[in-house]
Amino acid sequence: MLEESTPSHSTIDPYKFLQIVPNADGTLTRNCSNYPSTVATPDPSDHTLLVLSKDVPINQLNNTWVRIFLPRQVLDSSFTTKLPLLVHFHGGGFIILSAATKIFHDFCSNIAAKLPAVIVSLDYRLAPEHRLPAAYEDAMEVLHWIKTAKDEWLQKYVNFSYCFLMGESAGGNIAYHTGLRAAAEVENLLPLKIRGLILNIPFFSGVKRTESELRSVNNLFSPLCINDLTWKLSLPIEVDRDHEYCNPIVGGGSKLLDQLKLLGWKILVNGGNKDPLIDRQIEFLKMIEQKGIKVVSRFGEGGHDFIGDPNESKAVQAAIKNFILSSTVASE
């Protein structure tokens, strides 16, 4: 059974905190008013836009889709260089938010403009209606879609040899597990070539509490009860937080990490010293370094809400740009 071990002195109701209501059939009613969405802006005639965006369906049965971000500068006839591709997975504890959520839309737009790069941001299925590994399966499906997509923006402006998987929080977890799956079938993904993983405040946990988790019982942004609830709702039924989806350290880490090393992939981990999950991220870093994988890490002074902190967000964007540029140059 999934361990329930939230300290009794927690004063926070996780359902009210997240504005979700559990239903008798195992679904959730979500109040999205606290998390405004942004519509895609594909019209090139709007010259106020530095980045164009559009939504494209992936799997209509599963209601999955992507938002593609294209820097306006590539529309200039003098711009002939094809761009790196970032496949992005949004955060939200696997249970809330969307690729259209404004904070993620703006974050992707800023990165697309500043790198520049084309970004494909996936709106995957949410738990508990679709528990893990549903999100990982959706992520792999979009990689296979990209490699054969007839979409004009991808065909005309993307260098498929320079692809990176990126996500925040739960999205960082998805980027990691998708990377493991993709490493096991690199030949099937050609001409798409993944060069690295970008894990921003990746969402990992485990049964045994870390010191930083214990300090977060009533953390204003990411209290411990939220950690427990999101894993309870997203992990397969009847498993605990030491399942491999949640705790990457279990068993010394996935054997597929050896494949990442052989492929020469690099991993960037962006964390925050005030993040309740920092101990987990440091454990993860030590594990992948011991595997001999090339790792770049940056730990700022922010918490788990770095996207909402303009200074931290800019620093993370700069770290991502440096990581991609160095990975691209090293591969040439």
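Here the structure is a predicted model, which is why all the values come from computation and not from measurement.

Let's talk about the overall build of the protein chain
Here is step 1 of the chain: What the protein chain contains, in helices and strands, is 11 helices and 10 strands.
Here is step 2 of the chain: Taking 20 Å as the expected radius of gyration for a compact globule of 332 residues, we find that the protein chain reaches 19 Å, a close match to that expectation.
Here is step 3 of the chain: Residues counted as buried form 55% of the 332 residues belonging to the protein chain.
Here is step 4 of the chain: Across the protein chain, contacts joining residues at least 24 apart in sequence account for 77% of those joining residues at least 6 apart.
Here is step 5 of the chain: Counting every atom, the protein chain has about 14,300 Å² of accessible surface; 54% of that belongs to carbon and sulfur.
Here is step 6 of the chain: Of the charged side chains in the protein chain, 32 are positive and 36 negative, and the gap between their average positions amounts to 5 Å.

Some details on the side chain of Thr101
Here is step 1 of the chain: For Thr101, the position within the fold is in the loop between strand 5 (83-89) and helix 2 (102-114).
Here is step 2 of the chain: Of the polar contacts made by the side chain of Thr101, one reaches the backbone nitrogen of Ser98; its length is 2.9 Å.

Comments concerning the side chain of Ser98
Here is step 1 of the chain: Of note, Ser98 is situated in the loop between strand 5 and helix 2.
Here is step 2 of the chain: On the accessibility criterion, Ser98 (15% relative accessible area) is buried.
Here is step 3 of the chain: From its side chain, Ser98 meets the backbone nitrogen of Ala100 in a polar contact 2.9 Å long.
Here is step 4 of the chain: Sequence-distant contacts of Ser98, that is, excluding residues within four places in its chain, are made with Trp65, His90, Phe104 and Asp123.

Remarks on the environment of Arg298
Here is step 1 of the chain: Here Arg298 is to be found in strand 10 (residues 294-300).
Here is step 2 of the chain: For the pair Arg298 and Lys156, spaced 142 residues apart in the sequence, the C-alpha separation amounts to 33 Å.
Here is step 3 of the chain: In this structure, Arg298 is in contact with Val269, Asn270, Gly271, Glu312, Ala315, Val316 and Ala319, ignoring residues within four places of it in sequence.

Considerations on the nonpolar core
Here is step 1 of the chain: With 64 residues, the main nonpolar core has Leu85, Trp145 and Leu154 as its most contacted residues.
Here is step 2 of the chain: With eight residues, helix 3 (residues 134-148) is the single largest residue contributor to this core.
Here is step 3 of the chain: In this structure, Leu85 is in contact with Val118, Val120, Ile146, Leu154, Val158, Tyr162, Cys163, Phe164 and Leu192, ignoring residues within four places of it in sequence.

Re the packing of helix 3 against helix 5 (residues 170-183)
Here is step 1 of the chain: Following both chains from N to C, one finds helix 3 and helix 5 inclined at 60°, their axes separated by 9 Å at the closest point. Taken together, the axes of helix 3 and helix 5 lie oblique to each other. Here helix 3 runs over helix 5; the crossing is right-handed. From helix 3, Ala135, Tyr136, Glu137, Ala139, Met140 and Leu143 reach across to helix 5, where they touch Asn173, Ile174, His177, Thr178, Arg181 and Ala182.

As for the pairing of strand 4 (residues 64-71)
Here is step 1 of the chain: Within strand 4, eight of the eight residues are buried, leaving the element largely enclosed by the surrounding structure.
Here is step 2 of the chain: Residues Thr64, Val66, Ile68 and Leu70 line one face of strand 4 and the alternating positions Trp65, Arg67, Phe69 and Pro71 line the opposite face, and both faces are buried.
Here is step 3 of the chain: Of the pairings in the sheet, the one linking strand 3 (residues 51-59) to strand 4 comprises eight bridges and is antiparallel in character. Across the sheet, the residue bridging to Pro57 is Trp65, located in strand 4.
Here is step 4 of the chain: Hairpin connection, strand 3 to strand 4: the antiparallel pair is bridged by four residues, and Asn63 has positive phi, about 60°.
Here is step 5 of the chain: The sheet contact formed by strand 4 and strand 6 (residues 118-123) spans five bridges and is antiparallel. From the neighbouring strand, Trp65 faces strand 6, where its bridge partner is Asp123.

Section: helix 3
One turn of the α-helix equals 3.6 residues, which is why residues spaced by three or four share an orientation.
Here is step 1 of the chain: Counted at 1.5 Å a residue, the expected span for helix 3 with its 15 residues is 21 Å, and the 22 Å between its end C-alpha atoms agrees.
Here is step 2 of the chain: Where helix 3 is concerned, the buried positions are Ala134, Ala135, Tyr136, Asp138, Ala139, Met140, Val142, Leu143, Trp145 and Ile146.

Topic: the packing of aromatic side chains
Think of a pair of aromatic rings as described by two things: how far the centres are apart, and how the planes are tilted against each other in angle.
Here is step 1 of the chain: Overall, the coordinates contain nine aromatic pairs when judged by the stated rule.
Here is step 2 of the chain: Ring centres 4.7 Å apart and planes at 15° place the aromatic pair Phe203 and Trp231 in the stacked group. Taken together, the residues Phe203 in the loop between strand 8 (194-200) and helix 7 (211-214) and Trp231 in helix 8 (residues 224-234) connect sequence positions 28 residues apart. With respect to class, Phe203 is no different from Trp231; both count as buried.

Points about helix 5
Here is step 1 of the chain: Here helix 5 contains 14 residues, and its C-alpha end-to-end distance of 20 Å stays within 8% of the 20 Å for a straight helix at 1.5 Å per residue.
Here is step 2 of the chain: Within helix 5, 13 of the 14 residues are buried, which leaves the element mostly enclosed by the surrounding structure.

Rules used in this analysis
Residues numbered from 1 in each chain as written. Predicted model: local features only at pLDDT ≥ 70, side-chain atom pairs only at ≥ 80, totals over all residues. Heavy atoms only, no water. Helix = DSSP H or I, 4+ residues; strand = E, 2+ residues; numbered from the N terminus. Rg over C-alpha atoms; globule rule 2.2 N^0.38 Å. Buried < 20%, exposed > 50% of the residue type's maximum accessible area, 1.4 Å probe, protein only. Contact = heavy atoms within 4.5 Å. Areas by Shrake-Rupley, 256 points an atom, 1.4 Å probe, with all protein chains shown as cover. Lys, Arg positive; Asp, Glu negative; His and termini not counted. Charge placed at Lys NZ, Arg CZ, Asp CG, Glu CD. Polar contact = N/O pair within 3.5 Å; in protein donor to acceptor, adjacent residues only side chain to side chain. Core = buried A, V, L, I, M, F, W, Y, C linked by side-chain atoms within 4.5 Å. Axes fitted to C-alpha atoms, helices over the stretch in contact; angles between N-to-C directions. Parallel < 35°, antiparallel > 145°, perpendicular 65-115°, else oblique. Left-handed = near helix turned anticlockwise from the far one by under 90°. Pairing = 2+ DSSP bridges. Expected span 1.5 Å × (residues − 1). Phe/Tyr/Trp six-rings, centres within 6.5 Å; stacked < 30°, edge-to-face > 60°.

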